[in-house]
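# Residue-level structural notes
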Amino acid sequence: MSRADTIVCFGEALIDFLAAPVVPGQTRTFQQFAGGAPANAAVAVAKLGGRCEFVGMLGEDMFGDFLLHSLRDAGAGVRYVRRTSRANTALAFVSLDAGGERSFSFYRPPAADLLFRGTDFDPACFAEAGVFHLCSNSLTDEDIAAATLSGMALARAAGALVSLDLNLRPALWPGATPALPVLWRALEAADLIKLAREELDYLVRGGLDEVAVVERLLRHARLVLVTDGAASMRWHARDGNGVLDTIRVNPVDTTAAGDAFIGGLLSQLQLAGVDAARFDAFLADTPELERCLRYASACGALAVTRHGAFAALPTREEALALLDAAVSA
């Protein structure tokens, strides 16, 4: 088995209830979609033709059943999923503005995903992991944060590349204020970091300017990506940096755009056999790095043209077609 055989995505899976357009005189309705950032990333990899496993805790309820079936139907592995009757599956109610930007109302905590503990990890998932990917929503209270940081350490010890998409959702944190110390503990345990522009701005609030934040990240990480919606993305490595334009599309729902992006990038790393040991060599090849980032950008662009999370994620053929169209335009 190749060292980079499996991408393991850890964290929350939840239900997104997406608001339907309001019709005057009618009751507002919501449509159920499978979601949760790490689960989205796992499905993104699977739909792009990669091999992945989702690791997390689902409730023993109808929503947990729906998520498990949705993950499996999309091609994501579920061998390491745990179930619990001690809390229900998390819910998120989502409304969209005219540009597809989201507003969230979360029903978490309590939630099943927060009950995952370090002892719930199966050592086999690290033995086959080329990449261990996570987001910050599994850092929002002390116990799940401890499990998350333990998983990052176990993955690194097993030789996996550790990938972190910060994906900040302040409403999920006590006092709606993400805790910078625990965020930095996770950031300093990652090899690959993806930040949205507003997340980089949040880290700057800790007393550093933007340049100093990136420099601090690169003391431990080897690649830092900063995305900014339709604006250009930036990449920073220890020996170089760059700016890449995105592909312009007409957005209807920005849910899972970042997850599609990171799934696209991780699937390209997997295809090239890149794990932690090979990551520096990959980064030294700037044309190849930027080719993979453009592919990731195409995946993110396609996701915003559709509603939902799992449902919006593209296939490899769709991503390549959009890239070809962008080159020809």
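Residues numbered from 1 in each chain as written. Predicted model: local features only at pLDDT ≥ 70, side-chain atom pairs only at ≥ 80, totals over all residues. Heavy atoms only, no water.

## Details of a negative patch on the surface
Together, D97, E101, E198 and D228 give the surface a local cluster of negative charge. Following the sequence through the fold, D97 ends up in the loop between strand 7 (91–96) and strand 8 (102–107). For D97, a relative accessible area of 44% translates into the label partly exposed. (Patch = residues over 30% accessible without salt bridge, like charges linked within 9 Å, V, L, I, M, F, W, Y side chains within 5 Å. Areas by Shrake-Rupley, 256 points an atom, 1.4 Å probe, with all protein chains shown as cover. Salt bridge = Lys/Arg side-chain N within 4 Å of Asp/Glu carboxyl O. Lys, Arg positive; Asp, Glu negative; His and termini not counted. Charge placed at Lys NZ, Arg CZ, Asp CG, Glu CD. Helix = DSSP H or I, 4+ residues; strand = E, 2+ residues; numbered from the N terminus. Buried < 20%, exposed > 50% of the residue type's maximum accessible area, 1.4 Å probe, protein only.)

## Some words on the environment of A230
Relative to the helices and strands, A230 resides in the loop between strand 12 (223–228) and strand 13 (231–237). Note on A230: relative accessible area 46%, which makes it partly exposed. Between the C-alpha atom of A230 and that of V249, which follows or precedes it by 19 residues, the distance is 8.4 Å. If near-sequence neighbours (up to four positions away) are discounted, A230 is found in contact with T246 and R248. (Contact = heavy atoms within 4.5 Å.)

## Overview of the nonpolar core
With 63 residues, the main nonpolar core has L192, F279 and L293 as its most contacted residues. The element that contributes the greatest number of residues to this core is helix 10 (residues 286–303), accounting for 10 residues. Those residues in contact with F279 that sit more than four places away from it in its chain are L161, D191, L192, R222, L223, L269 and V274. (Core = buried A, V, L, I, M, F, W, Y, C linked by side-chain atoms within 4.5 Å.)

## What to know about the environment of R169
Within the secondary structure layout, R169 lies in the loop between strand 10 (161–165) and helix 5 (180–187). Here R169 falls in the buried class, since its relative accessible area comes to 16%. Counting along the chain gives 30 residues from R169 to E199, while the straight-line C-alpha distance between them is 9.8 Å.

## Structural notes on the sheet that holds strand 1 (residues 6–10)
Overall, mixed pairing links the 8 strands, which are arranged 4-1-9-10-11-12-13-14 in an open sheet. Because the sheet does not close on itself, it has two edges, and the strands there are strand 4 (52–55) and strand 14 (240–244). Taking the axes of each pair of neighbouring strands and ignoring which way they run, one obtains an average angle of 15° across the sheet. The pairing of strand 11 (residues 192–196) with strand 12 spans 5 bridges and is parallel. Residue pairing for strand 12: I193 is matched across the bridge by V224. Taken strand by strand, helix 10 contacts strand 12, strand 13 and strand 14, and its axis lies near 140° from that of strand 13. (Pairing = 2+ DSSP bridges. Axes fitted to C-alpha atoms, helices over the stretch in contact; angles between N-to-C directions.)

## So, the pairing of strand 12
Of all 6 residues making up strand 12, 5 are buried, and the element is well covered by its neighbours. As paired elements, strand 12 and strand 13 share 5 bridges and run antiparallel to each other. Its bridge partner being in strand 13, L225 is matched across the sheet by W235. Connecting strand 12 to the antiparallel partner strand 13 that follows it, the hairpin turn spans 2 residues, and G229 within it adopts a positive phi of roughly 60°.

## Considering the packing of helix 1 (residues 37–47) against helix 8 (residues 257–271)
The N-to-C vectors of helix 1 and helix 8 enclose an angle of 45°; their axes lie 8 Å apart at closest approach. Overall, the two elements helix 1 and helix 8 adopt an arrangement that is oblique. When the axes of helix 1 and helix 8 are compared, the crossing they make is right-handed. Across from A37, N40, A41, A44 and V45 in helix 1, the residues of helix 8 making contact are D259, A260, I262, G263 and Q270. Its residues placed into classes, the contact of helix 1 with helix 8 shows 6 nonpolar, 3 polar and 1 charged. (Parallel < 35°, antiparallel > 145°, perpendicular 65-115°, else oblique. Left-handed = near helix turned anticlockwise from the far one by under 90°. Nonpolar A, V, L, I, M, F, W, Y, C, P; charged D, E, K, R; others polar.)

## Quick notes on the side chain of D253
With respect to the secondary-structure elements, D253 resides in the loop between strand 14 and helix 8. Judged by relative accessible area, which is 0%, D253 ranks as buried.

## Brief notes about the packing of aromatic side chains
The full count for this structure, using the stated rule, is 13 aromatic pairs. Taken together, a centroid distance of 5.0 Å and an interplanar angle of 15° make the contact between F17 and F93 stacked. Of this pair, F17 sits in strand 2 (residues 14–19) while F93 sits in strand 7, and the two are 76 residues apart along the sequence. The aromatic ring of W184 is capped on one face by R216, whose charged end is 3.8 Å from the ring centroid. (Phe/Tyr/Trp six-rings, centres within 6.5 Å; stacked < 30°, edge-to-face > 60°. Lys NZ or Arg CZ within 6 Å of the ring centre and 35° of its normal.)

## Topic: the packing of helix 10 against helix 11 (residues 316–328)
At a minimum axis separation of 9 Å, helix 10 and helix 11 run at an interaxial angle of 105°. For the element pair helix 10 / helix 11, the angle class is roughly perpendicular. The segment helix 10 lies against helix 11, with R294, Y295, A298, C299, A301 and L302 engaging R316, E318, A319, L320, L322 and L323. Classifying every residue of the contact of helix 10 with helix 11 by side-chain character gives 9 nonpolar, no polar and 3 charged.

## Concerning the side chain of D275
As for its position among the elements, D275 is in the loop between helix 8 and helix 9 (279–284). The exposure class of D275 is buried, given its relative accessible area of 2%. A polar side-chain atom of D275 sits 3.2 Å from the main-chain amide nitrogen of A277. (Polar contact = N/O pair within 3.5 Å; in protein donor to acceptor, adjacent residues only side chain to side chain.)

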